[in-house]
Structure formats: structure tokens, C-alpha cells
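Fold and contact review
The primary structure of each chain is shown beneath.
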Amino acid sequence: LTQASPAQRRSNIDPQSSYSYMALPSDEQAASAKGHTAETGGCCTALNRLLDLPGLIAEHAPHGTLTQVLASYVVEFTGALMLTLVVSLTAHVDVAPLPIGAILVSMIFMGGHISGGHYNPAVSVAVYVRGKIGILRAFFYTAAQVAGALCAARIGEVVLGADSLPLPMPNEANGISDGHAFLVEFLFTYALAATVLNTATTVSVGDNSFYGLAIGFVVLAGGFSAGDISGAAFNPAVASGLYAVAGTNRKLWIYWLAPLAGGAAAGLLFHLINSDENDLRLGKSNEIERRGAAVGGQTASYRQEVASNYVWLRAMKEATAVITGTDADAVGDEFTHKDIVKKSFEQFDHDHDGKITASEMIEILQEQGVSEDQARAMVNAVDANNDGTVTFAEYEQMMLKVAQAAEPAPDSMRSATAREEA
């Protein structure tokens, strides 16, 4: 600290680490201690670095595209593992749906901001039909979820023994047929997926903090309601793990087909009951209207203006204002137009391979208000290799042109030539 510059000391930041301190020595105190520091500084610095375990981890931890790609799959694996483990260990507990619903809520809040917190192939199918993830991501999510469930079921077998683990099956002793079990699994999985889509993927609901609780309560209610009918799996990954440990697949088809059908149905119905969201996605609307009915027939409605379906587009508009000279203070020096373009590219590069397909790029441009013909012309112009993909360099050029043309400065601020070019 005594070797730091006055500016560093005044900022209360240790130059050797990221920690903040309540009080630091003054310039005079630092000068008087300089001699002592010269003798002990090297030793203390080495000791501090050795003891700064978080700093060492952060310094040497892997970073980059591969880490970002794997993060979401690791989260899906972990969430499915913990969910299946709780299912396995609470099989003979009368209130088993309570801990199952609780762990699901916890895992959703833990990993929702990273992977979306699906932990269920049926939910991944619903989100895919909704249009929030691609088919490849849905497939690899499912693989990660099944792998996590298999590991959890094996752990449960080691801890309790295979005979103590639950196995979702139609309760034939009570006259429950395969069709009855299929119907119950379908309906509750539909309710689960519909809750996910309508609380965690809509613009109108926005950044809420209740989506995890809503999803967990669906599983809680379904567990108590359908536990004695079908086993209340509602999750093909969980069922696959338990069936694998049991060494049979006699009824496993029910616990794959019914939940996947329920998830797909939820995704399809979402497009019907949330047509405003579809209009936003297609660039045909900047406003959402919601109507609500109360007991007694009273109705209320409200309109919500939506500047953009994506956060980065709102940031892009601020950067556009800077580029076109309409508001020089809209964006700080630390957040440049190129930063925004980079973040937006990473968001739409679903496969993290440094490319966006031409069809996706055209859709993105349309969401910014560019007509389809203009979008196709721009993509064709920047796609130098004519390979049907847009690299980051090509994307950056395109977005810069869009930003410069999207919100031009007022006529009074531009020359006649500039107005003509615009």
C-alpha cells in the first residue's frame, strides 16, 4: 500500500488486490514508512499473493468462448442431478413433494440467469417451441439433464440401495391404466411448462422475482395430486435415471412421450395466448396490451410500451444517439458502440462458433425495424464469402450502418447532402 501512488491511495483501493479498505495511510505516513517497506515489501507481497486464493483462482481460471458454452450445460447437469437426488432420497417421505418443489425453486434461482434453469427435457422443448433457444441447444440441454439424473440415481442407489428408490409407474393396484397415467403426466407437465413460459420468458411480466416460486409450486401441487396415480415424474430425465437404476424400461415411454407432448403443447399455446409477444418478435408492434377480469365482471386493461424485445437493443439506441450526434452524454466512455455490438453478437451466436446464419441475421434486422428486402440486401452485401453466415467483423459493419441510419440527427443539425444521403 505504501508503494501506491497518491491517486491509488485516495481511491481506497489496494493496488495489489481488489479489496477495499476503510482507512489508508496519508502521503506523509507513507513517506516515513518507505524505508521499512523496502525491507519487507517483497516478502509481504509474496505472502499476500499466496494467501489471496480468490485472486489466484480468478487469475488462472479458464476464460473464453468454450467456458461460456460449457457453463450453461454444467448448470443444467447440476440442477437435474440435485432434483433427481432429492426425488431419490425422499421416496418414502409422506411429504416428498415439499422438498422436491423446494430444491427445484432453489436450483432455478441458482442457474436461471445462466442456462434458463430448465432441468427438464419437456421444459427445454417448450422453450424451443417458444423460440428462445435453438434445436441444438435443446438437444444438448436434454443430454446434460439426462446425464445429471443418471448420476443422481446412481448416488441414491449407493446410499439407500436400489430397492429403496422410487420408480414412477401407473398405479395398477388402484386401477390406473397407462392411458390414465399418460393423461396426468401430460396435463401437469403442460402446466409446468406453461408456467415457465409465462413467468420467465415474457416481456410483459419483465424482470420478476417470483418465477422460481411459481414453477416450484406447480411441481409441489402435481406431486401431491398425481403421486399415487402416475408417480408424478413430469420430467423425462428424472424418470430415465430412476428406470436405469431399476434395470427396466417397461413403462418408460409414458414418461417421455407425455411430458414432451405437454411441453410442446405449452409452447404452441403460448403463441396463441401471447400474440402481442409474437408481434414484438416479428417487429410489428412496439406496445403490449393486457386485459384483466375481476370477480363481478369488472375489467381493466393497460398498455405497456416496449422499446425493444432485447436489452442490448435499448443500449444500441443510446449508442446510436452518440454516433449521430443527438445526445453526446447518452453513453459513458467506458461503454462504447463496439462493446454493445460485441455483446449483441454473443447473444445471437447461439452455437458460440463466431457466426450467425443469414436467416437469423435477417430476423434480427427486422426486429430493429429494417424491412425484409433491406435486411436481405444488407446481409448479401456483407456476406463476402456467400456462405450463408455472418461473422463478427461483417456483423459489426452491418450494425454500424444500421445505427447510423436508425436515428439520424434532426434536419437542423445536418447539411443538405447528409439529409439526401439519409
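Further up the page is the structure itself.
Residues numbered from 1 in each chain as written. Predicted model: local features only at pLDDT ≥ 70, side-chain atom pairs only at ≥ 80, totals over all residues. Heavy atoms only, no water.

Turning next to the packing of helix α6 (residues 97-115) against helix α10 (residues 211-226). Direction vectors running N to C along α6 and α10 enclose 155°, while the axes themselves pass 8 Å from each other. Classified by the angle their axes make, α6 and α10 are roughly antiparallel. In this structure, α6 crosses over α10, and the sense of that crossing is right-handed. Touching P97, L98, I100, G101, L104, V105, I108 and F109 of α6 are Y211, G212, L213, I215, G216, V219, L220, G223 and F224, all from α10. Partitioned by chemical class, the residues of the contact of α6 with α10 number 13 nonpolar, four polar and no charged. (Axes fitted to C-alpha atoms, helices over the stretch in contact; angles between N-to-C directions. Helix = DSSP H or I, 4+ residues; strand = E, 2+ residues; numbered from the N terminus. Parallel < 35°, antiparallel > 145°, perpendicular 65-115°, else oblique. Left-handed = near helix turned anticlockwise from the far one by under 90°. Contact = heavy atoms within 4.5 Å. Nonpolar A, V, L, I, M, F, W, Y, C, P; charged D, E, K, R; others polar.)

Here we come to helix α9 (residues 178-200). Over its 23 residues, α9 runs 32 Å from end to end, which matches the ideal 33 Å to within 8%, given 1.5 Å per residue. Here the buried face of α9 lies against α7 (121-130), α10 and α12 (254-273). (Expected span 1.5 Å × (residues − 1).)

The subject of this paragraph is the nonpolar core. Ranked by size, the top nonpolar core spans 32 residues in total, and within it I100, L104 and I215 carry the most contacts. Secondary-structure elements contributing two or more residues to this core are α5 (65-89), α6, α7, α8 (135-160), α9, α10, α11 (236-246) and α12. Beyond its immediate stretch of four places on either side in the chain, L104 contacts L83, Y119, I215, G216 and V219. Formed by 17 residues, the second largest nonpolar core is a distinct cluster that contains F345, F348, M361 and Y395. (Core = buried A, V, L, I, M, F, W, Y, C linked by side-chain atoms within 4.5 Å. Buried < 20%, exposed > 50% of the residue type's maximum accessible area, 1.4 Å probe, protein only.)

Once that is clear, we can look at the packing of aromatic side chains. Note on aromatic pairs: each is described by the distance of the centres and the angle between the planes. On inspection of all chains with the given rule, the structure shows seven aromatic pairs. The interplanar angle of 40° and the centroid separation of 6.2 Å between the aromatic rings of Y243 and Y255 together place this pair among those described as tilted. With Y243 in helix α11 and Y255 in helix α12, this pair connects stretches of sequence that are 12 residues apart. Using a relative accessible area of 0% as the deciding quantity, one classes Y255 as buried. (Phe/Tyr/Trp six-rings, centres within 6.5 Å; stacked < 30°, edge-to-face > 60°.)

Quick look at the environment of T90 now. Inspection of the secondary structure puts T90 in the loop between α5 and α6. Relative accessible area serves as the criterion here: at 11%, T90 is assigned to the buried category. Here the alpha-carbon distance between T90 and S164, two residues 74 residues apart in the chain, equals 9.8 Å. Aside from chain neighbours lying at most four places away, what touches T90 is A96, P99 and I100.

Positionally, N235 belongs in the loop between α10 and α11. Under the relative-accessibility criterion, N235 is labelled buried at 3%. In this structure, N235 is in contact with L83, Y119, N120, P121, Y255 and P259, ignoring residues within four places of it in sequence.

Considering all chains together, one arrives at three salt bridges under this definition. Put simply, K251 and E172 hold a salt bridge, and the shortest N to O gap is 3.7 Å. Of the two residues, K251 sits in the loop between α11 and α12 while E172 sits in the loop between α8 and α9, which places them 79 residues apart along the sequence. A cluster of three or more residues bridged by salt bridges with shared partners is formed by E172, D178 and K251. (Salt bridge = Lys/Arg side-chain N within 4 Å of Asp/Glu carboxyl O.)

Across the 10 residues of α7, seven count as buried, placing the element largely inside the fold. Restricting attention to buried positions, one finds in α7 the residues P121, A122, V123, S124, A126, V127 and R130. The opening residue of α7 is N120, an N-cap whose side-chain oxygen sits 2.9 Å from the backbone nitrogen of A122. (Polar contact = N/O pair within 3.5 Å; in protein donor to acceptor, adjacent residues only side chain to side chain.)

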